[in-house]
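What follows is each chain in one-letter form.
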Amino acid sequence: MNCRIAVIPGDGIGPEVITSSVAVLNRVGELYGHTFTYAYALAGGAAIDAYGIPLPDETVRICRENDAVLLGAVGGPKWDGLPGDLRPERAILGLRSQLGLYANIRPARLMPSLAGASPLRGSITEKGIDIIFVRELTGGIYFGERGRMKSSVGSVCAYDTECYSEDEVIRIGCKAFELAAVRRRNLVSVDKANVLESSRLWREVMHGLAERYPDVRYRDLYVDNAAMQLVSNPSDFDVVVLSNLFGDILTDEASAITGSIGLIPSASVGDGTFGLYEPIHGSAPDIAGKNIANPVASILSAAMLLRHSFSLDEEAKQIEDAAERAIRDGARTKDLTDSAGDAFLSTREMTEAILSRICG
Ligand code: NAD
Ligand code: IPM
Ligand code: MN
């Protein structure tokens, strides 16, 4: 198979972890006889430095001309002072919305060999953690009207608006119910319907969908309670559907309880097979350029790309199994070590540990 992939390394540790993912894809290509063609493009701080804007049209065009996009991460202190529309993060939002990628799938699973890396006690982790978050990605407060104004007494005000249409909730809800139906048939919808009107509409729509999926056990949780339940009873969750903002926040929490943010991949998808694949972590400026970032989240994002955009299930499983075996055999990047003095592998060594376990 010939797979055409747009690659956006981005900023900070983005290029480091993308190098790992590309190496893994190439290994899979050699073993299974696939050709991966990469079209590199700039976004985020790298694009600001080259063109003065975070998301050049050329980058969007390259993404559209390919079958899938692999992205590292964007952002960093160098560009933090820029106005909102010119910040590196705008590139991610622009890509998601211009490419119609309204659903973000984020799997958070605790590998048994990493129980020690979870901050939760053994009596909680021994019940297992295996959750898929379905985050709405092109609506809500991220894309609502925002601005600044002066109050009548001259004080500066700023506002952001959360707005969801019925159709937006239906399409993300359907994705979540369909996913739950082929997993443990347990779906939680997270909202703040006790306060927010947008959440009340969200909840009404979800209840309507629940009637269409009688085999899926459905419940609602307020986001504050969900944040608490996630650390006290994580084994109660199977699939979780939530708005753009709540999804952003709770998935970072889920990454911590499953060991590290350096482990969680994501797939941003729409209605077809096209998708954008990226780790949920950011550009990690504090560790950039040190060859110590955990490449696993990016490598697992490449596995999601193979499965979703190219239906290469066996190849995807090879990558996932290799990463899990490497970790089970003791391979640890710095973020996965138990205490400060423990030995750890560099980004490149971790990548090698995974590459050597991909055997076709
Ligand atoms: P971050 O995810 O970059 O880092 C948070 C913490 O996790 C840091 O201590 C970092 O060292 C650690 N970490 C992250 N990824 C790691 C990895 N692979 N291996 C080991 N440790 C890892 O979040 P932040 O510090 O809040 O944001 C930094 C920049 O990244 C900001 O500009 C932010 O806007 C941006 N950001 C981008 C994306 C994206 O491109 N998708 C996502 C989140 C944040
Ligand atoms: C993520 C990131 C992004 C988000 C930022 C960089 C725009 O935090 O993918 O989780 O908030 O969606
Ligand atoms: Mn985030």
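Refer to the structure printed above.
Heads up: these notes are all about the structure in this document. Since the structure is predicted, the reported quantities are computational estimates derived from the model, not experimental observations.

Parameters at a glance
- Residues numbered from 1 in each chain as written.
- Chains lettered and ligands numbered in written order.
- Predicted model: local features only at pLDDT ≥ 70, side-chain atom pairs only at ≥ 80, totals over all residues.
- Heavy atoms only, no water.
- Axes fitted to C-alpha atoms, helices over the stretch in contact; angles between N-to-C directions.
- Helix = DSSP H or I, 4+ residues; strand = E, 2+ residues; numbered from the N terminus.
- Parallel < 35°, antiparallel > 145°, perpendicular 65-115°, else oblique.
- Left-handed = near helix turned anticlockwise from the far one by under 90°.
- Contact = heavy atoms within 4.5 Å.
- Nonpolar A, V, L, I, M, F, W, Y, C, P; charged D, E, K, R; others polar.
- Expected span 1.5 Å × (residues − 1).
- Buried < 20%, exposed > 50% of the residue type's maximum accessible area, 1.4 Å probe, protein only.
- Near = heavy atom within 4 Å.
- Polar contact = N/O pair within 3.5 Å; in protein donor to acceptor, adjacent residues only side chain to side chain.
- Areas by Shrake-Rupley, 256 points an atom, 1.4 Å probe, with all protein chains shown as cover.
- Pairing = 2+ DSSP bridges.
- Phe/Tyr/Trp six-rings, centres within 6.5 Å; stacked < 30°, edge-to-face > 60°.
- Lys NZ or Arg CZ within 6 Å of the ring centre and 35° of its normal.

## Brief notes about the packing of helix α11 (residues 313-328) against helix α12 (residues 347-355)
Working step 1: Two elements in contact, α11 and α12, have axes whose closest approach is 8 Å; the angle formed by their N-to-C orientations is 115°. Between α11 and α12, the angle falls in the class roughly perpendicular. In this structure, α11 meets α12 at a crossing whose hand is right-handed. Where α11 abuts α12, its residues Ala322, Ala323, Ala326 and Ile327 lie against Met350, Ala353 and Ile354.
Working step 2: Here the residues of the contact of α11 with α12 sort into seven nonpolar, no polar and no charged.

## Some details on helix α10 (residues 296-310)
Working step 1: With 15 residues, α10 extends 20 Å from end C-alpha to end C-alpha; this agrees with the ideal 21 Å at 1.5 Å per step.
Working step 2: In terms of burial, α10 is largely enclosed, as 13 of its 15 residues are buried.
Working step 3: At the exit of α10 stands Ser311, carrying a positive phi of roughly 55°.

## Describing the site of ligand 1
Working step 1: If you check the shell around ligand 1, you find 21 residues, and the closest are Val74, Glu89, Gly282, Ala284 and Asp286.
Working step 2: Here Ala284 contributes a backbone N or O atom positioned 2.8 Å from an oxygen atom of ligand 1.
Working step 3: Asn294 has a polar backbone atom sitting 2.9 Å from a nitrogen atom of ligand 1.
Working step 4: In isolation ligand 1 exposes 810 Å². Once the protein is present, 69% of that is buried.
Working step 5: Across the shell around ligand 1, the residue classes break down as ten nonpolar, seven polar and four charged.

## A few points about the site of ligand 2
Working step 1: Neighbouring ligand 2 are Glu89, Leu93, Arg96, Arg106, Arg135, Tyr142, Asp248 and Ile280.
Working step 2: Note that an oxygen atom of ligand 2 is positioned 3.0 Å from one of the side-chain N or O atoms of Arg106.
Working step 3: Surface burial for ligand 2 is 78%, taken as the share of its 320 Å² of free accessible area covered by protein chains.
Working step 4: In terms of residues, the shell around ligand 2 owes the most to one element, helix α4 (residues 89-98), which gives three residues.
Working step 5: Class assignment of the residues belonging to the shell around ligand 2 gives a composition of three nonpolar, no polar and five charged.

## As for the sheet that holds strand β9 (residues 217-222)
Working step 1: One open sheet accounts for ten strands, arranged β2-β1-β3-β12-β11-β4-β5-β10-β8-β9; its pairing is mixed. Only two strands of the sheet have a single partner each, and these edge strands are β2 (35-40) and β9. Pairs of neighbouring strands in the sheet enclose a mean axial angle of 25°, with direction left out of account.
Working step 2: Pairing between strand β3 (residues 68-73) and strand β12 (residues 275-277): three bridges, direction parallel. Across the sheet, the residue bridging to Leu70 is Tyr277, located in β12.
Working step 3: Relative to the sheet, helix α3 (residues 57-65) contacts β1 (2-10), β2 and β3, its axis offset from that of β1 by approximately 150°.
Working step 4: Contacts from helix α7 (residues 197-212) reach β5 (130-136), β8 (186-191), β9 and β10 (239-242), with the element oriented near 170° to β9.

## A look at unusual backbone geometry
Working step 1: Backbone geometry at Arg185 places phi at a positive 55°, although glycine is not the residue there.
Working step 2: Position of Arg185 relative to the elements: it lies in the loop between α6 (166-181) and β8.
Working step 3: The exposure class of Arg185 is partly exposed, given its relative accessible area of 44%.
Working step 4: Not every positive phi belongs to a glycine, and Ala284 is a case in point at roughly 40°.
Working step 5: Secondary-structure assignment places Ala284 in the loop between β12 and α10.

## Some details on the packing of aromatic side chains
Working step 1: The tally for this structure, following the rule as stated, stands at three aromatic pairs.
Working step 2: Arranged with centres 5.7 Å apart and planes meeting at 20°, the rings of Phe177 and Tyr218 form a pair that is stacked. Remark: Tyr218 occurs in strand β9 and Phe177 occurs in helix α6; sequence separation between them is 41 residues.
Working step 3: The exposure class assigned to Tyr218 is buried, which follows from its relative accessible area of 17%.
Working step 4: Ring-pair connections join several aromatic residues into one group, and the members of that group are Phe177, Tyr213 and Tyr218.
Working step 5: Positioned above the aromatic ring of Tyr142, the side-chain terminus of Arg135 is 5.3 Å from the ring centre.
Working step 6: Geometry around Tyr102 places Arg171 over its ring, the cationic atom sitting 4.2 Å from the centre.

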